[in-house]
Amino acid sequence: MSYMAHETNIQELETQTAEQVYSVKQLAQRYKVGTRTINRWIGAGLFPGASKKNPTTNNSPYEITQSGVDYYENLRKAAAKT
C-alpha cells in the first residue's frame, strides 16, 4: 500500500468515528431551556462525556458528545414512563 493510500484510509477512519459534538447553546435551544440550565445539568452528570473545549481556561465552553445527548434523552424517556 502506498503512503497516500494509507493516509487516505486513516482520514476516512477518523471521519467515520468522529462523534457529533454540541455546544451548550445548541442544547439549550434543543431543549428550550437556558444555557445556565444546561451547565447545571452537565455538573449533575446528565451529559456524560461533556468536556471543556480548552480545559486550561476557566471560562472555556463545554462540548457535549452525541453519546452524552443520547444518555440524557434515554433518562428523559425512562422518567416519562414512570
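These numbers were taken from a predicted model, which means no experiment stands behind them.

A separate point is the nonpolar core. Core analysis: the biggest nonpolar cluster contains 11 residues, these being Tyr-22, Val-24, Leu-27, Ala-28, Tyr-31, Ile-38, Ile-42, Phe-47, Ile-64, Val-69 and Tyr-72. Contributing elements (two or more residues each) for this core: helix H2 (24-31), helix H3 (35-43) and helix H4 (66-81). Ranked by the residues each element gives to this core, the list is headed by H2, at 4 residues. Beyond its immediate stretch of four places on either side in the chain, Tyr-72 contacts Tyr-31, Trp-41, Leu-46 and Phe-47.

Looking at the element boundaries, Leu-46 is found in the loop between H3 and strand E2 (51-52). Each C-alpha atom of the pair Leu-46 and Gly-68 lies 7.6 Å from the other, and the pair is 22 residues apart in sequence. Ignoring sequence-local partners within four residues, the contact set of Leu-46 consists of Trp-41, Gly-68, Tyr-71, Tyr-72 and Leu-75.

Taking strand neighbours across the sheet as the criterion, the 3 strands line up as E1-E3-E2 in an open arrangement whose pairing is antiparallel. Sheet topology places strand E1 (21-23) and E2 at the edges, where each strand pairs with a single neighbour. Contacting E1 and strand E3 (62-65), H4 crosses the sheet at an angle of about 70° to E3.

The next subject is the packing of H2 against H4. Two elements in contact, H2 and H4, have axes whose closest approach is 13 Å; the angle formed by their N-to-C orientations is 25°. It follows from the interaxial angle that H2 and H4 lie roughly parallel. For H2 against H4, the interelement crossing comes out right-handed. Within the contact between the two elements, H2 uses Leu-27, Arg-30 and Tyr-31 and H4 uses Val-69, Tyr-72, Glu-73 and Arg-76. Here the contact of H2 with H4 is composed, by residue class, of 4 nonpolar, no polar and 3 charged.

Definitions and cut-offs
- Residues numbered from 1 in each chain as written.
- Predicted model: local features only at pLDDT ≥ 70, side-chain atom pairs only at ≥ 80, totals over all residues.
- Heavy atoms only, no water.
- Core = buried A, V, L, I, M, F, W, Y, C linked by side-chain atoms within 4.5 Å.
- Buried < 20%, exposed > 50% of the residue type's maximum accessible area, 1.4 Å probe, protein only.
- Helix = DSSP H or I, 4+ residues; strand = E, 2+ residues; numbered from the N terminus.
- Contact = heavy atoms within 4.5 Å.
- Pairing = 2+ DSSP bridges.
- Axes fitted to C-alpha atoms, helices over the stretch in contact; angles between N-to-C directions.
- Parallel < 35°, antiparallel > 145°, perpendicular 65-115°, else oblique.
- Left-handed = near helix turned anticlockwise from the far one by under 90°.
- Nonpolar A, V, L, I, M, F, W, Y, C, P; charged D, E, K, R; others polar.

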